Amino acid sequence: MKLTRREFLLKGTAMFATLSLGGFLFTETGKSIFAGGVSDDVEEPVLVVVQLSGGNDGINTLIPYGQGVYYDARPTLAYQQKDVLALDNQVGLHPSLAGLAALFKSGNMAVIQGVGYPEPDHSHFRSMEIWQTAEPAKISRSGWLARYVESSLRDNTNPLKAVQVGAAGSKAFASEKMSFPVVQSLESYHVIDPKTAMMDKNRITKAFLDMYGDQNQMEQLRVVAGRGYEAYKSVEAIQSLTAAYVNKVEYPKTNFASDLQLVAKLLAGKSGTRVFNVQIGGFDDHADEKEQHARVLTQVDQGLTAFYKDLEAQGLQDRVAIMMFSEFGRRVKENGSGGTDHGTAAPMFVIGGKVKGGLYGAYPSLSNLDNGDLKYEVDFRSVYSTLVDSWLKGDAATVLGKPYESLKFI
């Protein structure tokens, strides 16, 4: 492929700039992954992080139907006891979460109640940043998942060891040392034609230097060129990942379900990925919450139920743990628009074949509030710590800066 100097500047520079900023990174996969010593041992645990963006109403997700104050605070949004999917005689799941209720009853889902952090922030941006960096007290330039990979998987040469599926930009993967690929679909992962000859890494670097002539940028250009070369090498290899996947489960026709199915395809194709991140939005319910919340929770429930059934069909359910969170919950009292405003503590969910199902922590009081907000009972970093130490077999103290309580759900 011959590019004029102008074409290289316009096309090549834009592509490499995107790669260097954490955008779409096409990385080498297939058999070549394992040549560098990466094991495809089925015992290697996998974490799938599911982000509910917008501030999920935890009170109407894990419903305290045994407390009268719940009905007093939510005259139009409260669900009657007969409609709640009871987990015990005090709390139950939203009526749209029948699949998750079944996973709870089978012992494959842990519900951690009242999760939050000190001095909570009601800003979507800042609170999500806190969850993604695990740093409530300061601004951090690194994400907690990136720190896990950097510390515990530093000898793992698999370029797909951690993958963002669907939307890009999670600060959980922010790193000054590594880049993490973003895959929207295996079909759209074919940007560069693998059958077209392309410059090797050294020629890419030289081309940049010839055009810019700045020797001080040599190392930066070498890194960017290396990522571009990885992009070229990966396109043909990644096509082999779907060969081992046999679709035995019908997924719903939603973007969220498609993202989860892509995770199943990559795992079935032995991508060697240890961490995935998937997200779904639509939880910022300031008005008309009842219908909207039910609709989005249905997507979550159907997508996760199909995904878990797929993992079982592929024999992967014991290798995978799914952690689901949102940046904050909602306030106890409904507002005047049939919705709820930004709050604080909310439940987290962990699903998997090796998960010790049940209720963990205590449900926050609905009457002893902090300026209308729930007081958190469990620090979210305890959940992270448990997953890093007990599930991923990493070093949680390095990832989080200090040890946190183990919750024993793994």
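Everything discussed here concerns the structure shown above.
An account of the accompanying structure is given in this report. (Residues numbered from 1 in each chain as written. Predicted model: local features only at pLDDT ≥ 70, side-chain atom pairs only at ≥ 80, totals over all residues. Heavy atoms only, no water.)

It is worth spelling out the overall build of the protein at this point. Counting its secondary structure elements, the protein contains 12 helices and 12 strands. When each of the 410 residues of the protein is scored for burial, the buried share is 56%. The long-range fraction of contacts in the protein, counting pairs at least 24 apart against all pairs at least 6 apart in sequence, stands at 74%. (Helix = DSSP H or I, 4+ residues; strand = E, 2+ residues; numbered from the N terminus. Buried < 20%, exposed > 50% of the residue type's maximum accessible area, 1.4 Å probe, protein only. Contact = heavy atoms within 4.5 Å.)

With that settled, the discussion passes to the nonpolar core. The biggest cluster of nonpolar side chains holds 65 residues, and the ones touching the most others in it are Val48, Leu93, Leu100, Met109, Phe276, Leu304 and Phe307. Sequence-distant contacts of Val48, that is, excluding residues within four places in its chain, are made with Val263, Phe276, Val278, Phe307, Val320, Ala321, Ile322 and Met323. In this structure, Ala134, Trp144, Met323 and Ile410 belong to the second largest nonpolar core, which totals 43 residues. (Core = buried A, V, L, I, M, F, W, Y, C linked by side-chain atoms within 4.5 Å.)

Under the 1.5 Å per step criterion, the end-to-end length of helix H11 (residues 380-391) is 16 Å for 12 residues, consistent within 8% with the ideal 16 Å. H11 sits mainly inside the fold: 10 of its 12 residues count as buried. Within the sequence span of H11, burial applies to Phe380, Arg381, Ser382, Val383, Tyr384, Ser385, Thr386, Leu387, Val388 and Trp391. Following H11 by one or two positions, Lys393 has its phi on the positive side, about 60°. (Expected span 1.5 Å × (residues − 1).)

Right, let's talk about the sheet that holds strand E3 (residues 85-86) for a bit. Read from one edge of the open sheet, three strands run E2-E4-E3, paired in antiparallel fashion. Lying at the two open borders of the sheet, with one neighbouring strand each, are strand E2 (62-63) and E3. In terms of strand pairing, E3 meets strand E4 (residues 92-93) through two bridges, oriented antiparallel. Within E4, the residue paired with Ala86 across the bridge is Gly92. (Pairing = 2+ DSSP bridges.)

So, on to the packing of aromatic side chains. This model, assessed by the stated rule, comprises nine aromatic pairs. Each ring, one from Trp131 and one from Phe325, has its centre 5.2 Å from the other, and the planes form 15°; the classification is stacked. Highlighted residues: Trp131 in helix H5 (residues 124-133) and Phe325 in strand E9 (residues 320-326), separated in sequence by 194 residues. Under the relative-accessibility criterion, Trp131 is labelled buried at 3%. Site record: aromatic cluster; members linked through ring pairs are Tyr117, Trp131, Trp144, Phe325, Phe380 and Tyr384. Here the guanidinium or amino end of Lys290 rests over the ring plane of Tyr79, the centre of that ring lying 4.6 Å away. (Phe/Tyr/Trp six-rings, centres within 6.5 Å; stacked < 30°, edge-to-face > 60°. Lys NZ or Arg CZ within 6 Å of the ring centre and 35° of its normal.)

Phi is positive for Lys270, which is not a glycine, with a value near 60°. With respect to the helices and strands, Lys270 occurs in the loop between helix H9 (255-268) and strand E8 (275-280). One non-glycine residue, Asp288, lies in positive phi territory at about 50°. Within the secondary structure layout, Asp288 lies in the loop between E8 and helix H10 (289-313).

Here we take up the packing of H9 against H10. Describing two packed helices takes the angle between their axes plus the distance from one axis to the other. Direction vectors running N to C along H9 and H10 enclose 15°, while the axes themselves pass 9 Å from each other. Between H9 and H10, the angle is such that the two are roughly parallel. Every pair of crossing elements has a handedness; the one defined by H9 and H10 is right-handed. Contact residues: Phe256, Ala257, Leu260, Gln261, Val263, Ala264 and Leu267 in H9; Gln299, Val300, Gly303, Leu304, Phe307, Asp310 and Leu311 in H10. A class-by-class count of the residues in the contact of H9 with H10 yields 10 nonpolar, three polar and one charged. (Axes fitted to C-alpha atoms, helices over the stretch in contact; angles between N-to-C directions. Parallel < 35°, antiparallel > 145°, perpendicular 65-115°, else oblique. Left-handed = near helix turned anticlockwise from the far one by under 90°. Nonpolar A, V, L, I, M, F, W, Y, C, P; charged D, E, K, R; others polar.)

Bringing helix H4 (residues 98-105) into the picture now. An α-helix turns once every 3.6 residues. As a result, residues three or four positions apart point the same way. Buried residues of H4: Gly99, Leu100, Ala101, Leu103 and Phe104, and no others. Gly107 lies just past H4 and shows a positive phi near 85°.

The element E9 is largely enclosed, with a buried count of seven among its seven residues. Of the two faces of E9, the one carrying Val320, Ile322, Met324 and Ser326 and the one carrying Ala321, Met323 and Phe325 are both buried. In this structure, strand E1 (residues 46-52) lies alongside E9, joined through seven bridges in parallel fashion. Its bridge partner being in E9, Leu47 is matched across the sheet by Ala321. Bridge count between E9 and strand E10 (residues 346-352): four bridges; the pairing is antiparallel.

Time to look at the side chain of Asn158. Relative to the elements of secondary structure, Asn158 occurs in the loop between helix H6 (144-152) and strand E6 (162-165). A relative accessible area of 0% places Asn158 in the buried class. Within the structure, the side chain of Asn158 is placed 2.8 Å from the backbone nitrogen of Leu160, a separation counted as a polar contact. (Polar contact = N/O pair within 3.5 Å; in protein donor to acceptor, adjacent residues only side chain to side chain.)

This part takes up the pairing of E10. Burial within E10 is extensive, with seven of its seven residues counted as buried. Pairing of strand E5 (residues 109-116) with E10 involves five bridges; the strand directions are antiparallel. Paired with Val115 across the two strands is Ala346, which belongs to E10.

Turning our eyes to something else, we now look at the pattern of salt bridges. All chains considered together, the criterion is met by nine salt bridges. In this structure, the salt-bridge partner of Glu129 is Lys171, at a minimum N-O distance of 2.7 Å. You can see Glu129 sitting in helix H5 and its partner Lys171 sitting in the loop between E6 and strand E7 (182-183), a full 42 residues away along the chain. A residue is classified by how much of its surface remains accessible, and Lys171, at 22% relative accessible area, is partly exposed. (Salt bridge = Lys/Arg side-chain N within 4 Å of Asp/Glu carboxyl O.)

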